[in-house]
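Tertiary structure, described
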Amino acid sequence: MTDQTPTQNAVIAQLRAICGQANVLTHDDPGADLSPWEQDWRKRVKGRSLAVVRPGNTQEVAAVVKACASTNTPIVPQGGNTGLVVGGVPDGSGTQIVMSMTRMNAVRAIDPANLTITVEAGCVLQNLQAAAEHAGFLFPLSLGAEGSCTIGGNLGTNAGGTQVVRYGNTRELCLGLEVVTAQGEVWHGLTGLRKDNTGYDLRNLMIGSEGTLGIITAATMKLYPQPAAQLTAWAAVPSMDAAVQLLGLAHQRLGPGLTGFEVMGQFALSLVDKHYPQLRVPLWQETPWCVLLENSDSENETHARGQFEALLEAALDAGCVTNAVVAENLTQAKGLWHIRESITLAQVQEGQNIKHDISIPVSRIPAFVADTDALLEREVPGVRLVDFGHLGDGNLHYNVQAPKAADGPAFVRTFEDKINTLVFDQVKRFGGSISAEHGVGEQKVNKLPLYKDPTALAMMRAIKQTLDPQNILNPGRVLA
Ligand code: FAD
Ligand code: 2HG
Ligand code: ZN
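Being a predicted model, the structure only gives us computed values, none of them experimental.

A few points about the packing of helix H8 (residues 240-254) against helix H13 (residues 365-379)
Between two packed helices, what matters for the description is the angle formed by their axes and the separation of those axes. Between H8 and H13, the least distance of the axes is 8 Å, while the angle of their chain directions is 165 degrees. In terms of orientation, H8 lies roughly antiparallel with respect to H13. With respect to the hand of their crossing, H8 and H13 are arranged in right-handed fashion. Between H8 and H13, the contacting residues are Met-240, Asp-241 and Val-244 on the first element and Ile-365, Pro-366 and Val-369 on the second. Looking at the contact of H8 with H13 residue by residue, the class counts come to five nonpolar, no polar and one charged.

If you want it as structure tokens, here you go:
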């Protein structure tokens, strides 16, 4: 038996009474393996929970929170556990409850005239996309983890992904929320309204709060018409300056048709080529940068192709593109996107690395990259820079891989703090943010006070103190 206090045993018994024996897992269960809930996706941290509780509806979530609040038991909300900043796994104390939302995965309603879909928080993003498609609509949020991340986690982190340039991030796709507060009360906010000026914007406060202010149990999300045609191109560009120039041309020529604009550095693509040669990465050997662009057209394929070809011709004439391939069909387009989405996995294959998900005004990205590359090469000779990301949104994954023959884990242990400081100081100098999409979690909690405006930070602390005075919701994440 694990060494638990009588209060902890009583909490576990209460949770079992609320959610059912089978939906409360503990280390004392025969053959228990809680690592899927306790280990983060990057395998950087393995926590230990008091129990994993899997509520089946909003009333159960509220009752679990009340039981935890009455005993000061901390709760870590969890969706698909694909987060990259150690925000959804318990700490090592064995005192925290993981609240896994994956049983709450129903599509509650679709309102075609209002262009909305209401889903429970544990709905996997890919299932939400499929439900929208089945009803004849598009739900545009799209990211590499979409097969296992949940809409609750997407809202918790305000996830970005590859369609933000046209549709915005998760916050911009959300119209209403149902939330269980730290006191176990339910806020019924699934309005689906596009206009509501009745006071403070609680919905947007909850979104991106990483489970520290409330537990999202359901959400009403926006739907869009499906595009009539979608075209994808892969372009070789001679420099980051040229990539930014191409982005300007794409905005001008495609207008709202521009639904994706990703940049990928040569080293990032070399890792995909090395670890997944069957994916056949195009053009990467001949150019320092490649760009993946998507044009979604509301008219038809001929119109889309005409527009796209004219854009690429103009870009070739201007010298900001040196070569390009346009996908012939949807299968080829998916193949190109698959290459882009494989960079994260190729980095895992290559070994431990240091991740950054920064944003900088697009206009300043070329200077940031040139300056910061030189700085890191000076300060940590031999580092390998895995630059890629959502250039259309000014969001770079400025990742750092150990020098070639170095031991990855030892490199990360020795240099992570130094490299983070070098990169974040540069981000500050260039007017950017230290997290564009992955959030703060536990990983950046000590860095946030160094880079966030002190008045903003004080307001954040006041909000946390007011909404969760016992500090039971995801303690130690976002704010130390
Ligand atoms: P989890 O990892 O379970 O939790 C994330 C955070 O949200 C935690 O703080 C947790 O406490 C909180 N949370 C979870 N559910 C709830 C809830 N119901 N209520 C309140 N808080 C909750 N992110 C991007 O932004 N863009 C990308 O392009 C992208 N690509 C990725 C690609 C890969 C291969 C991987 C592994 C990750 C990627 N991510 C990306 C990161 C990750 O997928 C996102 O952060 C995603 O939104 C997390 O969803 P999740 O359900 O897995 O949440
Ligand atoms: C992406 O854009 C994700 O693919 C993950 O945000 C980025 O692996 C990363 O650093
Ligand atoms: Zn990303």
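A few points about helix H11 (residues 330-341)
A rise of 1.5 Å per residue sets the reference length of H11, with its 12 residues, at 16 Å; its end C-alpha atoms lie 16 Å apart and thus fit the reference within 8%. Those residues of H11 that fall on the buried side of the exposure criterion are Ala-333, Leu-336, Trp-337, Ile-339 and Arg-340. Take H11 and look down its axis: the buried residues cluster within an arc of 150 degrees, on one side only. Facing away from the buried side of H11 by more than 90 degrees, the exposed set consists of Thr-331 and Lys-334.

Side note on the site of ligand 2
Taken together, the neighbourhood of ligand 2 is formed by Leu-84, Arg-340, Thr-344, Lys-355, Phe-388, His-390, His-397, Asn-399, Glu-437 and His-438. Measuring from an oxygen atom of ligand 2, one finds a side-chain N or O atom of His-397 at 3.0 Å. In this structure, an oxygen atom belonging to ligand 2 sits 2.7 Å away from a side-chain N or O atom of His-438. Across the complex, the protein chains shield 89% of the 300 Å² of accessible surface that ligand 2 would expose by itself. Taken together, the elements giving at least two residues each to the shell around ligand 2 come down to strand E18 (384-390) and strand E19 (395-401). Across the shell around ligand 2, the residue classes break down as two nonpolar, five polar and three charged.

As for the sheet that holds strand E5 (residues 107-111)
Here we have five strands laid out as an open sheet, ordered E5-E6-E10-E8-E9, and antiparallel in their pairing. A strand with exactly one partner marks an edge of an open sheet, and here the two such strands are E5 and strand E9 (186-189). Taking each pair of neighbouring strands and ignoring which way they run, the sheet shows an average axis angle of 15 degrees. Where strand E6 (residues 116-120) lies against strand E10 (residues 215-222), five bridges are found, and the strand directions are antiparallel. Pairing of Thr-116 across the sheet is with Lys-222, part of E10. Its contacts with the sheet put helix H3 (residues 58-69) on E5, strand E8 (174-180), E9 and E10, and the angle it makes with E8 is roughly 50 degrees. Contacts from helix H4 (residues 125-134) reach E5 and E6, with the element oriented near 145 degrees to E6.

Focus: the coordination of the zinc ion (ligand 3)
By definition of the ideal shapes, four donors in a tetrahedron about a metal sit 109.5 degrees apart, and six donors in an octahedron sit 90 or 180 degrees apart. Around the zinc ion (ligand 3), the protein supplies His-390 (NE2), His-397 (NE2) and Glu-437 (OE) as donor atoms, at distances of 1.8 to 2.1 Å. Between consecutive donor residues of the zinc ion (ligand 3), the sequence gaps follow H-x6-H-x39-E. Remark: Glu-437 occurs in the loop between helix H14 (408-429) and helix H15 (448-451) and His-397 occurs in strand E19; sequence separation between them is 40 residues. His-397 gets classed as buried once you look at its relative accessible area, which sits at 5%.

What counts, and at which threshold
Residues numbered from 1 in each chain as written. Chains lettered and ligands numbered in written order. Predicted model: local features only at pLDDT ≥ 70, side-chain atom pairs only at ≥ 80, totals over all residues. Heavy atoms only, no water. Axes fitted to C-alpha atoms, helices over the stretch in contact; angles between N-to-C directions. Helix = DSSP H or I, 4+ residues; strand = E, 2+ residues; numbered from the N terminus. Parallel < 35°, antiparallel > 145°, perpendicular 65-115°, else oblique. Left-handed = near helix turned anticlockwise from the far one by under 90°. Contact = heavy atoms within 4.5 Å. Nonpolar A, V, L, I, M, F, W, Y, C, P; charged D, E, K, R; others polar. Expected span 1.5 Å × (residues − 1). Buried < 20%, exposed > 50% of the residue type's maximum accessible area, 1.4 Å probe, protein only. Arc of directions from axis to C-beta. Near = heavy atom within 4 Å. Polar contact = N/O pair within 3.5 Å; in protein donor to acceptor, adjacent residues only side chain to side chain. Areas by Shrake-Rupley, 256 points an atom, 1.4 Å probe, with all protein chains shown as cover. Pairing = 2+ DSSP bridges. Donors = N, O, S within 2.8 Å, 3.2 Å for Na, K, Ca; no water.

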